[in-house]
Structure formats: structure tokens, C-alpha cells
Amino acid sequence: MFVPSGVEIDVSQLCFNKAHFTRSDFEVQRFMTLARRRSDLKTIHSDLRLYLKSIQHSMVELINEDYAHFVNLSSNLVGLKTSIDSINTNIDTVWKDFNETAKDAVTQAEKIELRCTQLTATRDAQQKLSRQITAISSMKKLRSTLREASTPLTTLFLERLTSLLTDLVVNKEAIEEDSAAMKAYAKVMDNVGDRLNTEFLSSLQSDLSLLPLIFSLLSLCRLSDRLVSRIVSDVIDPSIKKEQNKTPLHSLNLVLESISKLRSDWSSKLGSHSKGPLMDFLDQSLLTFLLSYIDKSLSMHLTTSPSLFHSAFQSISIFIAEWPSQSASSPHLRAIRSRFQLQVYFLQVASAPWKKLQELADPSKFSLAEGEQEDEETRLNSQFFFQAAETIKGLWHEDRFLLPLAGKCWEQTTKIILLCVNYAKAMIDSVTSSDSSSPSFLSTLCSLQVDCTRMGAIVFDHALLSIWPRLRELGVDTSTFGQTLNAFIASMKKEAERVRSSMVDSLTRELDTMMNGVSQLPKQYRWTKKPSPTSASSYISSVVSRVDEAVKEAKEKGVEGAEEMGREAIERSAQGLIVKAQQTVNATGVSLSRLKRREGAAGSGEGETDEEKIRMQMGLDLSSILERIRGNEERTKEMEELLSKVQSTMTTWADIQRLATDLQRVQLANAAQKLSESNCIEVVTRLIERGVIDVVYTRDGSAYITRNHLCTMIVNEVSAAGGRLGVEAISANLNVHFDHVESSIPKINEEHGEYLYTNGELISREYVNQLHSQLRSLLSDCGLRTIAFLARHWDLASDTLLQLLTPLPQELGAVLDGDQIYTHSYMAAHKNGVRALFAATTKMTLLSTLITRSNLPSPRFHSLLDELIAEKEIAGRFSGSRHSPSALYVPNLHDRLVEAYVKNQIMQKEYIDLSMFRKLSLGEPKAALVQILGGVEKVKDLHILSTIVCTEAVLQRVKTILNDELSSKGVSDVFAVQTEIEIPFGVEDIQSIMKEMAKKDKKLTVEGDLIFSSSMISSALNEVKTSDRLNEKAREWVEKKLEKRGKEKKEEKESTPQPQGKKGNATAVVEDDDDWDDKKKGKGKKGGRGGGGEKGGTKGGGKPVNVTHKDKEREEERASMPHVSVDELEEWLVSVPEQLRAIVAEKIHYEVDSCLSLLTQQQLASREQEAVQSTKKAHGQMREKAIALYQRIRVFEEATHSELFEISLKSDLRSHLLKTLCSELSNDLLAFVSSSPSGITLTPKQRDDTISSLPSTSKNAFTALVNSLKEEPFEAFHEALNKVCSRSICDLPLNPIDKDTRDSIISSYTSLLKEEAASSVPAATLLSLILLQFTKQGVAVHASGKFVSQLLPCLKSKLDESSFDSMIDTQKLVIDSMRKKGAELEEINQKQF
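Residues numbered from 1 in each chain as written. Predicted model: local features only at pLDDT ≥ 70, side-chain atom pairs only at ≥ 80, totals over all residues. Heavy atoms only, no water.

Enquirer: Whenever I open this one, the overall build of the protein confuses me. Can you help?
Expert: Broken down by element type, the protein carries 50 helices and 17 strands. Looking at the protein residue by residue over its 1393 residues, the buried ones come to 38%. (Helix = DSSP H or I, 4+ residues; strand = E, 2+ residues; numbered from the N terminus. Buried < 20%, exposed > 50% of the residue type's maximum accessible area, 1.4 Å probe, protein only.)

In C-alpha cells:
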């Protein structure tokens, strides 16, 4: 189609990567940019053209290949349509033929089905009519019986009535609806019902003797329902005590008492029938009356009076609890209880207080509690908390609380305490976000702090006194509820701490504002010439008075630890004062360090300077604060250190001023001799070289500084910078090279030991203390700070910050955990949260879920969890490793619910699914049941199967079902049990039960999901054995086997070479085949096989060739034995149930197969024996016949050598003998070998065909024998005959003729001739007479009538003349008669034609 260009390109030599073109984000611009890095535009253009040709060449080749495939496909599809049409035609033809063939069968099947349907309908109609007749007859008898009935009824009458009613009810279904019979039935049943109801009421009001029998009749006819109303109105209502002008509650108690007494009387009269359907019916009537009484007399009062509802419900509860037949009367008891609408009652009791509480929960409506409170220690300040406490107490008060509403009451209590927590949070947020300068700010916070502290204690005390006892009445474990209250108390304490913290923060902010007065001290004393201070500043007095006022107000509200709160506020405010004082002192040190570099320093004045006055005032202020916070050791220590430092600084400052004055005076004095600058430099240089002094140069080289002074200056610079300064900044400030500053740091550390050099910065201990102070403030605001946050806040590296903060001081009250720092109070709060989280968890929950909800890192969560476990605060257990992702927390409540669920399942349903053990994380079922049920003894009655755990009763029900199926059908399966029983047994469960049954009863057998009787297998085996199927199958196989064996023998004879014996020895005999056993042992020819006369044996170590060969044949024969397949055996097992046939067939298959093999062997042996006997008989007969014929031939052959005959006659006689007797013998032998029928004359063609069908050896031998019949001498015949009669072919050894045998043959021949001579045929008589004359001469001649003319002359010398002439005359007469007879026959033939 297309001619490829033949261009082949090495793509590896291209200047670009061809993979770029296959990318989904290919861009030309990017491709060119990459390609230009390797080559110029010309090369890129040339390579692109080459690559295009390569692609075109590949495309052409691909198109050619696809085109070749397309052409091939087209050629293959040319005749497809014709083939499809032909197939469709054949299908249509076959389908039409099938329809035509099956049409008659379908028609007949439809007719049969229609006939069966008609017969079935007829039979059903007959049965229905019979039942209708029985029902109508029963109605007639009932009618007459009721008319004859006496009053009152007798037992005999009731028994007769029972029989009639039973027949009527049983056959009632046969009566058609809306028919006259059905109307009659309804009328009869109404009459029966009225009469029985009347008698029932009469007996109920008397001795109740006939009541059981009457009730059974009513139940049979389903007429007891309409009797209840009459019992209520005619019997129960008149028996109830009624008193006028009594309260509804009193009337209810009287009714309940009367009902109980009436039931007790009936029960005692009924005696043995007091437990059963009759008593249940009477109970139903009594409870129906009670229901109607409640509806008529109490329903209106119950909805309007909660107090009546409470009392009536308690009375009804006691009545229900004491009612004897709880299970049978449960529907009516539930109906009675449902008349008391607990939901409505609870709404009446709880809705109004709850609405009022929700209205007060608005922070904007905050108000103080109104009214008097009993105990001042538990007094609540706010109206909301007071109302919440009263609402909780009212819910659980004995005049309102009902046990069934315990859950509702606890739920409402939980809602109230949750509302309290939310209200506290909202109120605190509202107050703290308001103006703190408001007069009511601190008062409101104090009220909230007191209420939050006391509310938890009030609720907990009430729970101990009122709630817990009521919950224990229900058998409920109160630990979970206690944990909820603990969480509530912890939350309220947390909010109280939050209020207290807000109070302290507010007071601290006020004090901080007042403490700012310390910044006014320099203004008060600098340049004012004010006298030295003698007392603390006024701002200190204001601070102290404000703290006293706040403490007093807090005490009035009942705040605990008010003084401690004031002291804490002063401590926090004192921190700012300390920082400012430190800055002032450090500033003084910086001024001293730079004093020598100042020019024109002022002279010192007399008296105290302004700086001294400022520091004195600071000392007095600090002393006053120190006295106020004396109780805090940490804060006292810091203040005392600062105070001593201020005092020492004041002393040092005075000394420095005096030294500075002396130095200035010396410098201004006039000297007599002065050194030049160059001389000074030279002197200093030599002193440095000699090591007399240790100085360093400044960066500009204009000054010298000693090492010690450099260290002092570095320390001063760091102090002036607040305790932290970079080395580069120090070098710039001191005008000293960086290396000198850095080399001085080790010396500074040796002298001071309070400095740290890290990241190019020098940090002092004072700076670290400042960090601790600031960290304390930061942690007070938020209990958690991260190292990253602090590093950003203080502009420090994280590693440096960790180095400075490690270890944290104990007084800080914080913990460094990884990259986080948190306070103990922060951890305590989270610990409470974790405690509440576990307390609120009521079902199995992944521990990872709880960790996620806690918002805590996993290690911290686990540490808190360990603490709670050590404190026994966790009411639950953990399933699996706690650090595993699949670890579960299982609360104790969940375990109790699971335990109750398992017990209820076993008690009510008598089983439980094993999958529930996995779903509920109970572990191994047996161990879990032992733990739940409380001991191994209680688990003994349970059976743990593959999918469920069931009781012994359930197991017996399953066994009963299986036994019923076995007794009725002889077989049962899993499906039968699953359909009969509602319990969801698995297949494995029922199989295990079947195996247990089979283990106990050896007569049962289990196979898969079936169980059946073992006798079914034996009966099926006997059925198969006694049937003719095995005999038929064995007979067919034997026939085929014998036929095959015959063919094999023929082939074996054909392939076996003929043994060579002595030439001309007709008596050479070879040992018989092993299949023939008619020879006596030891008769074998010497030198033959089986020397010593033992067939198949060996002597002298000879190999048992034949024995091995026969064994191999027997093995092959056994392997080829017929077998019965399992499918075939299933078809034979007609009497076995269908679902069991495959299993039974598998069971008996081996025995049936063995039986078939045995039958086959027996039949084969029998047939072989018959064949052997038949073959032996035929062989013996043939041998006798062949020997007799052969001996006659030898006798007749001797006659052909007699001197009485001429040579020509001798030859003719031999030829005649070959054509007659010899041919007869050869034909018999041929028929014997080819198994053809004997006695049939074969045409030459038939004979040749028969010989050609023989094996080659036999064919050659018989061909030679037939050929020997056509020619002389006679020896060829004898040689061919001996070969044919040899063992390898006919196995008919021909014995040599002896004298006695010869005489016997001649004698018998003579007798035969005499009989022939007596014949009425002249020719035969003549021939016989002639041959008799020869036998008299001792010569037995075999000749026919044509030899008469030749034989008579030979007798001339042996007979007298007259006898001879008589024979001549006789010959002539015979010839004439034969001619005359021939003419007559010709004449007759002419007349016929």
C-alpha cells in the first residue's frame, strides 16, 4: 500500500531528547530553551527534520502492518455470513423438529395435569362438604341439647356440650362466609355464649365448682371476652366497699383493698385451679374493673393535683408489686400504670422552677438573693444560685420524688448544675469585661467567688442525704453520679479560682497605678534641695489603705482567704517596684563606669546629694512594702537583697565622688617636668614587652586599658544594658577590639561566676532572674507557655532560652516539659478536665478519641491518667495496651450494663450471640460468662457453640426437633432446625449438636448438615445388592471381556511363530496352554516347558516366565473390572431420601464396588469355566473326529498301494481320496480354527476368504493343506496336515495307526458296506458288493460309483467265474436302469416345461 522511505536514524545522536514530545505539558518555548543549551538553531532544525522523517517512516510501516491484518481479516470474514445463515437455518429446523416431536408429549402432560387438578379439587370439595355436614349436624344437636338443659347445669351436661362444641369448632372453617350455615353458627354460638356466661356468673357467686369446665368451653368457643364486662358489672362492682364524702386517695385505697380480698377468696375456692388460665382470666376481670375505676373517678384529679398524683402512684405501685400473677397480668398492670402519666407529672413539678432559673441565668439580670437563709455558712449571695439550690432540693424531696422518675430527676439535676457552670462562666466574663473602676465590681466578684465555692458543697451534701439513698433503692451504683458531681464541684472550684484571680488582677492593676509614684521620686529630690526623707512615700500609704478596704469588703461577703488575696496583690505590685528600683541602681553603676571619660566633671558638694536622697526614699518605701509582705519568704528575700544593694550603692557613690574630686585636682595641678607623648608611648611599650604591665590598646590606638579594668568595664556595660548585651556592642561602646572583649569573658566568669556567654551575647544572672520574674507573670495570665513563644517574646534563640531557664526554680511553681512550660495549677485544671472526661464517658471509647478531646499531648495525657489511676479516680478499665492506637476505655457503668444485658439475654431468650462478646469487648466467652454469672457452677448449664451460647433447655429443644425429624423421615438437616426454632443457630452449631447426638447414639450418623440413622445405609446397601442391576452390569462386562479375549487370542496365535518339530513327525506334541488344564501333571514332553511335569514351575533356578505374565494379566484384569460411579449409584437409591442419596452413595460406594467386582469375578470365572468345558468338549470331539477320519484316510491310502490295482487306478483312487475324505478333514479343521459352523460345504471362494481371515501362521498352514489336496504325492498332504494339527494352530495331535485300529476300521467299514448293500438302490448295492469283495482281500477301498467299471476287472482273479459274471450282468442292468431313469426324468421335465 505504502512504500517506506527506508530511512533509519540513530536517535541517540540527536541534539535533543525525543521524550520531551511525549510529555503532557510540552511547551515549545521550554523545548527550545533546553535545546539551545546544546546546539545552535541550524543543528536543531536539521535534527528535527531527521526526526520527522523517522516518524514518517515508522508510521508507514505501521500502516502497512495494520493494512495486512485488515486484508487478512476481510478475507476471513467473506464466508462468515453464509456460515451464520446456515447455522441459523439448521437451528430453526432443529427447533421446529423438536417442537413437533414434543408437541404430543406436552399435550398429554397438560391433559394429565388438568385431570389431576380436577381430581384434587373434587377431593377437596368432598372433604369440605363432609365437614359442613358434620358442622350442621353438630349445630342441630347443640340446639336440642340447649333446649333440654336443666338449671343449674350438671357436669354430665357440660361434658356432652364439650364434645358437640369441639366438633363444631373444628369443622367451622368448612362453612362459607355469608352463608345460611354461617348465620346459624353465629346464632348457635350466641345462645351457647349467653347460657355459659349466665352459668359462669352464677358459679362465680357460689362455690366456683363448675367454673373451670365452663371457662374451658368459653375459651374453646372464644366467647370469654364478652364475659369480662358482665363480671365487672354484676360481680366485682357490687363487692367493692364504697364510702361517701371521702377523698379520692382514700377511695382508691378502699378499692385496692377490696380487689385484693376478692382475689384471695376466689383463689382459695378454686384450689388446684388457682394457677392457670382461669385465674388469669379472673385477674384480668379484676384489673379491668380497676382500670375503669381510675378512668372514671381519678383521671381528672390526677391531672390537676400533683400531691394526689404522688400519693396515688405510690399506692398503685405497692398494689402492682404485691399482685401475685405478674407475668400473666403484665398487659393490664402496664395499662394501670400507664394511666399515671409520669411525664406530665414531672413537667408539672419541674417546668416552672426551670423556666424561672433560665430567666435568672441572664448575666444582665444579676441580683442578690432575697429572703432569709438558714445557715450563714452555706448562704448564697446571688439569686440564681439560691434558686438553683432550691430547685435541686425540690426535685428530690420526698413529697415530689417518684422512683420511676429517678432518671428524669437526675437528668434535670445534671441540666441545672451544667447551667450553673455556664452561668458562672458567663457571669465572670461579663463582670471582668466591664469597667473595673465601678464601685460594684469588686463586690460582684466577691459574691460570685463565694457562690461558686459554696454551690458545689451544697449540691454534694444534698446528694449524700437525699439523692444517693433514693438511687440505691433502685439498685443503681452511685459511683458514676458521684463522679459527675465531682466534675461539677471541680468546675465550680475552677470558676471560683478564676473569680479570685480576677479579683487579685483587678486589685493588682489598681495598686500598680498607685505604685507608679516611685517614678516621681527623682522629681521630688533632684534640684529641689528638699531635706532627706524620714518615712515612706504617700503612694505607699495609699496602696496599704486600698488593700485594707478590699480585704474588709471580701470578708463581709464571706470570701475565704481575703487577707491572703490582699497580700498576693501587694506582692504582684511589688514586682514592678522592684524592677524600677533595680533599673535606678543599675543606672548608677553605669554612671560610675563612665565617670573617667567625662570632661569637666563638677566638684563635689557638701552634705547629701539628690541621688542619695532618692535612694534613701527608695529604701524607706521598700522597707514599708517589706513589712507588709513579710509572710512570703521568696518575696521577702528579693526585697531584702534589693534594699541592701541600694544601701551599698549609696556608700560606693560617696566614695567615688571623693576620688573623682581628688583625681580632677591632681590633673589640673601644674607639674615641673612632663614627658612627651612619644616618650610615654615608648615607656609603656617597654613595660609591656617586659611583662611588667598587662594592657590592651583601644581600637584607635589612643589609649591603654588594663585587663582588669577591661573586665570591670565589660561588667558595667552589661549591667547598664539590663544584664544582656552582645559582644559587638560592648566592643563598640568601649572602643576595644572584639577579640580583647571575647578573651576577657573567661576571666569575668572566674571572678564573678554569674555570667553566661552564648550566641555572641553576655548574659548575667540578674537577667536570668528577670526572665524568671517575667515568666511568672506570663504564667499567671496563662498557665502554659511554649519555648517558641518565649523565644519570640524575649528575642532569644530556643537553645539559649532552654539553657537559661534550666532548671526552673521551685518557687516558680512550674514544670518544663519538652518545649512547653506549665504551672501546677494549669496541670491541676487539666487533670480535672481529664477526670471529668472519663467521668462523662459512659460507653466504650477509643483512648485516642479521649486524648483528642482533651486537647493534650499524649505523654502529658498519660501522665495525668497515671495520677488519676493512682488516686483511684478512674471508674473503669482499659482494654489492650494504653499506648496502642486501638486501646479502649471501658467504664464500669458499661460493664454493668453489659453484665445486665448478658444476664437478661440468657434469662429471657435463653441464648446470646457470640458476636456480642466481640462487640462488647468481653474477650473469651467462657471466662466472661464465669465472671458475669458469678462462678463456674452457673456456667455448667450453658453450652458454648460456634456462634451462640445457649441453655440446656434450648439444646434439648433442638435435639427434640432432630429426633422428631428422624422418627418421621429417617433424616434431618440443619434447615429443619433453623425453620422450626426462632433462635439464630449457625450451621456449625447444629452440626456440633448432631455430632454430640451421634456420639451418644451409635445408630446415628452425621454427614455435613445432615443426620440420619445408620440403618439407612445398611438397608440401602442390601437394596442395591438384592437388585439385578449389579448382575446386569457384571454380565455386560463379562460378555465384552470374553469377546475381547477371543480377539486377543486370535491376534496372539497370529503373532506366535509355529514351533519346529521333526520333519514328518505327525505326533510331535507341544505342552498345552495354561488355560487348558485337562492334562495330567508329568505328562509333558521331556525338554518342553515346565520340565519335570510341573506347569509354570521352575527347576534349577529357571525363570517363571508364564507365572509372571499371568500375574500381570490378572492385575490388568482387576484394574479393568467394572465400577459403579457415585452418580449412577444415586440413581439406583430410589428408596433413600433425595437429600441423603449422595451421602449414602458415598458411604456404600466401596462395598457396592467390591460386590460388583466379586460378582464380575464369579460370573467371569463361571463363563470361563463354561467356555473351558465347552472348548474342551469341542476340542475333544474335533480331535476324535479328526483322528477317526485321518485313520480312515490312512487305511484307504494303504489300499491305493495294493497290487490288485493298476497304476492309473491307484492314482485315480488317491485323487478321489484327496477330494473327498481329505477335503472333508481339511474343511472340518478350517471350520474348527475359524470358529465357523461345522458340516457346511464351503465353496472354493468361501474357503479362500476364510483362510485369508486367519492369522498368518494358520493361513500359511491351511493354504498348504488346501494346495496338497490338488496334487500328489500323498506325503504333501500328510506334512501339511501335521502342521495344521500342531499345537500352535489346531492342537489336534494325530496318533499313528496301529494294527488293531486298522482292523477295527476295516471291520466297521465292512459293516457299513453291508448295510449299504441292503439298500434298495441298485447302484449303491453294486458298489458296496464290489468294495466288500476287496475288503475280503484285506484291502479297504474308498471309491465312488464311477470306479465300478475299473474295479470289477480287478476282482476277476479273486472271484469264481459265475460270481464275476453275475456282477458283470448286474453292472449292465444297473447301467440300463440308470439310463432308463434318466430318460424318464427328461420326459417328465419336458412335460413340466
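Enquirer: In this structure, what is going on with helix α31 (residues 858-870)? I would like to understand it.
Expert: Because each turn of an α-helix spans 3.6 residues, side chains separated by three or four positions in sequence point in the same direction. For α31, with 13 residues, the first-to-last C-alpha span of 18 Å sits near the 18 Å given by 1.5 Å per residue. Considered for burial, the residues of α31 that qualify are R860, F861, H862, L864, L865 and L868. Check the buried side of α31 and you find it contacts β6 (784-786), β7 (814-817), β8 (820-823), α29 (824-840), α30 (847-854) and β10 (876-879). One or two positions beyond α31, positive phi appears at K872, with a value near 60°. (Expected span 1.5 Å × (residues − 1). Contact = heavy atoms within 4.5 Å.)

Enquirer: Explanation requested: the sheet that holds β7 in the structure shown.
Expert: Sheets are built from strands that pair by backbone hydrogen bonding, the pairs being arranged parallel or antiparallel. Pairing within the open sheet is antiparallel, and its three strands lie in the order β6-β8-β7. Two strands bound the open sheet, and with one partner strand each, they are β6 and β7. Going from strand to strand, the sheet's axes swing by 20° on average, the running direction of each strand aside. (Pairing = 2+ DSSP bridges. Axes fitted to C-alpha atoms, helices over the stretch in contact; angles between N-to-C directions.)

Enquirer: Explain unusual backbone geometry to me, please; I cannot follow it from the model alone.
Expert: Glycine aside, residues mostly have negative phi angles, and peptide bonds mostly take the trans form. Although it is not a glycine, D795 adopts a positive phi angle of roughly 55°. For D795, the position within the fold is in the loop between α27 (787-794) and α28 (798-805). Not every positive phi belongs to a glycine, and K872 is a case in point at roughly 60°. Among the structural elements, K872 can be located in the loop between α31 and β10.

Enquirer: When you look at the pattern of salt bridges in this model, what are you seeing that I'm missing?
Expert: Opposite charge on two side chains makes pairing possible when the charged atoms of those side chains draw close. For the coordinates displayed, the defined rule picks out 15 salt bridges. Salt-bridge contacts for E871 lead to R835; the nearest nitrogen and oxygen are separated by 3.9 Å. In this pair, E871 sits in the loop between α31 and β10 while R835 sits in helix α29, placing the two residues 36 residues apart along the sequence. Accessibility expressed as a relative area gives 39% for E871, which makes it partly exposed. Owing to a relative accessible area of 15%, R835 belongs among the buried residues under this scheme. Here K1000 ties to E996 by a salt bridge, and the two come within 3.6 Å at their closest N and O atoms. Placement of the pair is K1000 and E996 together in helix α37 (residues 987-1000), with a separation of four residues, close to one helical turn. (Salt bridge = Lys/Arg side-chain N within 4 Å of Asp/Glu carboxyl O.)

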